[in-house]
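Analysis of the macromolecular model
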Amino acid sequence: MTDRGTQGGDGIRTFPFPVELSVGGVGMQVGPMGTGRTWHADAPLERVHRIDFHVVMLFGEGPVRHMVDFTEYEATAGDLLWIRPGQVHRFSRTSEYRGTVLTMQPGFLPRATVEATGLYRYDLPPLLRPDAAQLAGLRDALGQLRREYEDTETLPLSLHTAVLRHSLTAFLLRLAHLAASTAESVRQTSDSTFTLFRDAVEKDFATNHSVSAYADALGYSRRTLVRAVRGATGDTPKAFIDKRVVLEAKRLLAHTDLPIGRIGAAVGFPDAANFSKFFHQHTDQTPAAFRAELR
């Protein structure tokens, strides 16, 4: 089996969307989950890795345990798990995955649809639990999408692809509505101050851990930033930054063989001792102990 995974600048293996495995070579796949079936031929499903495409799993049975960004989620029948490009995840060795899985290549949908469906809302939780009415609508939309995907005879490829995009958009709009239906998600969507801060942290967390520096760069007072971040997440801006730094450190410790000192430098701690102290303060483990647990 050919390993098509690529190494990013941080050494983490990332697997591309398998266009050659999709029907007609279009930028999406939809089909059943089950024993002996994999949504990606090359990815080590039971080992932590990244993908550069979207995965949505609608579970028909449960419970299923699945790790996303070092958090274990337990899904039951009727739940959905939405994994976005770049997120670290791992399939469970003990759970049986039953249901329907959708994969989608970035760029398959137009920009307006991407924005309307919140495809890159990394602040939203991966695990979604629809109520009965929402689940019925999602199942119908996903079923229609699957029928269109598998029907390669009725329409020429160009029209077939256009219909798939429309059907996929209908499903994703329902999914986006579900993801934004909780009060926390609504607050996060409406709070532009928090959104700007979140995006700035995602861009600069490896070099900037200062709340005041972010406030100055965004043109807000420190008090305004504290109020916005606490309202959206329940955390202080400093806690939000620290959590992102810890997550990246965990990714590097788990996925690479980089020395701990270099990992510390990669997340903004030139001094290895300060990095170890910071990591232990937030995880109750040393970096070496955390890495040893995963090996």
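Each remark here, short or long, concerns the structure printed above.
Residues numbered from 1 in each chain as written. Predicted model: local features only at pLDDT ≥ 70, side-chain atom pairs only at ≥ 80, totals over all residues. Heavy atoms only, no water.

1. Details of the overall build of the chain
- Of regular secondary structure, the chain possesses eleven helices and eleven strands.
- Residues classed as buried in the chain amount to 47% of the 295 residues present.
- Residue pairs at least 24 apart in sequence account for 69% of intrachain contacts in the chain once pairs closer than 6 positions are excluded.
- Counting every atom, the chain has about 14,300 Å² of accessible surface; 52% of that belongs to carbon and sulfur. (Helix = DSSP H or I, 4+ residues; strand = E, 2+ residues; numbered from the N terminus. Buried < 20%, exposed > 50% of the residue type's maximum accessible area, 1.4 Å probe, protein only. Contact = heavy atoms within 4.5 Å. Areas by Shrake-Rupley, 256 points an atom, 1.4 Å probe, with all protein chains shown as cover.)

2. Looking at the pattern of salt bridges
- A full pass over the atoms with the stated rule returns 14 salt bridges.
- Residue aspartate 199 is joined to arginine 198 by a salt bridge in which the shortest nitrogen-to-oxygen separation is 3.3 Å.
- Look at aspartate 199 and you get partly exposed, because its relative accessible area is 41%.
- Linking lysine 243 and aspartate 235 is a salt bridge whose minimum nitrogen-to-oxygen distance equals 2.6 Å.
- By relative accessible area, aspartate 235 is classed as buried at 18%.
- Because the salt bridges share partners, they merge into one network encompassing Arg50, Asp69, Glu202, Arg244, Glu248 and Arg251. (Salt bridge = Lys/Arg side-chain N within 4 Å of Asp/Glu carboxyl O.)

3. Observations regarding the sheet that holds strand β9 (residues 89-91)
- Sheet architecture is open: three strands sit in the order β7-β6-β9, paired in antiparallel fashion. In this open sheet, the two strands that pair with only one neighbour each are β7 (71-75) and β9. On average, each strand axis in the sheet is inclined to that of its neighbour by 25°, with strand direction left out of account.
- Of the pairings in the sheet, the one linking strand β6 (residues 64-68) to β9 comprises three bridges and is antiparallel in character. (Pairing = 2+ DSSP bridges. Axes fitted to C-alpha atoms, helices over the stretch in contact; angles between N-to-C directions.)

4. Some thoughts on the nonpolar core
- Judged by nonpolar contacts, the single largest core of 28 residues is most densely connected at Met28, Leu80, Leu102, Leu168, Phe171 and Leu175.
- Top contributing element to this core by residue count: helix α3 (residues 157-179), with seven residues.
- What leucine 102 contacts, discounting residues up to four positions off in sequence, is Met28, Gln29, Val30, His54, Val55, Val56, Leu142, Leu145, Leu168 and Phe171.
- Phe205, Ala249, Leu253 and Phe278 belong to the second-largest nonpolar core, a separate cluster that totals 26 residues. (Core = buried A, V, L, I, M, F, W, Y, C linked by side-chain atoms within 4.5 Å.)

5. Side note on the packing of helix α2 (residues 132-150) against α3
- One can describe the packing of α2 onto α3 by two numbers: an axis separation of 9 Å at closest approach and a directional angle of 165°. Considered as vectors, α2 and α3 are oriented roughly antiparallel to each other. Considering how the two elements wind past one another, α2 and α3 form a crossing that is left-handed. For the pair formed by α2 and α3, the contact residues are Gln134, Gly137, Leu138, Ala141, Leu142, Leu145, Glu148 and Tyr149 on the first element and His160, Val163, Leu164, Ser167, Leu168, Phe171, Arg174, Leu175, His177 and Leu178 on the second. (Parallel < 35°, antiparallel > 145°, perpendicular 65-115°, else oblique. Left-handed = near helix turned anticlockwise from the far one by under 90°.)

6. Focus on the packing of helix α5 (residues 192-204) against helix α8 (residues 237-255)
- It is at 10 Å that the axes of α5 and α8 come closest, and there the two elements cross at 35°. With respect to the hand of their crossing, α5 and α8 are arranged in right-handed fashion. On the side of α5, the interface is formed by Phe194, Phe197, Arg198, Val201 and Glu202, while α8 contributes Pro237, Phe240, Ile241 and Arg244.
- Class assignment for the residues of the contact of α5 with α8 results in six nonpolar, no polar and three charged. (Nonpolar A, V, L, I, M, F, W, Y, C, P; charged D, E, K, R; others polar.)

7. Let's talk about the packing of aromatic side chains
- In total, this model carries twelve aromatic pairs according to the counting rule given.
- Counting every residue linked through ring pairs, the aromatic cluster contains Phe70, Phe269, Phe275, Phe278, Phe279 and Phe290.
- Sitting over the ring of tryptophan 82, arginine 84 keeps its end group 3.9 Å from the ring centre.
- Over the aromatic face of phenylalanine 108 sits the side chain of arginine 165, whose NZ or CZ is 4.8 Å from the ring centroid. (Phe/Tyr/Trp six-rings, centres within 6.5 Å; stacked < 30°, edge-to-face > 60°. Lys NZ or Arg CZ within 6 Å of the ring centre and 35° of its normal.)

8. Quick look at the sheet that holds strand β3 (residues 28-33)
- Taking strand neighbours across the sheet as the criterion, the five strands line up as β3-β10-β5-β8-β11 in an open arrangement whose pairing is antiparallel. Looking at the sheet topology across the chains shown, the edges are occupied by β3 and β11 (127-128).
- Examined bridge by bridge, strand β8 (residues 80-83) and β11 share two bridges and lie antiparallel to one another. From the neighbouring strand, leucine 80 faces β11, where its bridge partner is leucine 128.
- On the sheet, α2 packs against β3, β5 (54-59), β8 and β10 (99-104) and is oriented at approximately 115° with respect to β3.

9. Thoughts on the pairing of β6
- Burial analysis of β6 places four of its five residues in the buried class, which makes it a mostly covered element.
- Connecting β6 to the antiparallel partner β7 that follows it, the hairpin turn spans two residues, and aspartate 69 within it adopts a positive phi of roughly 50°.

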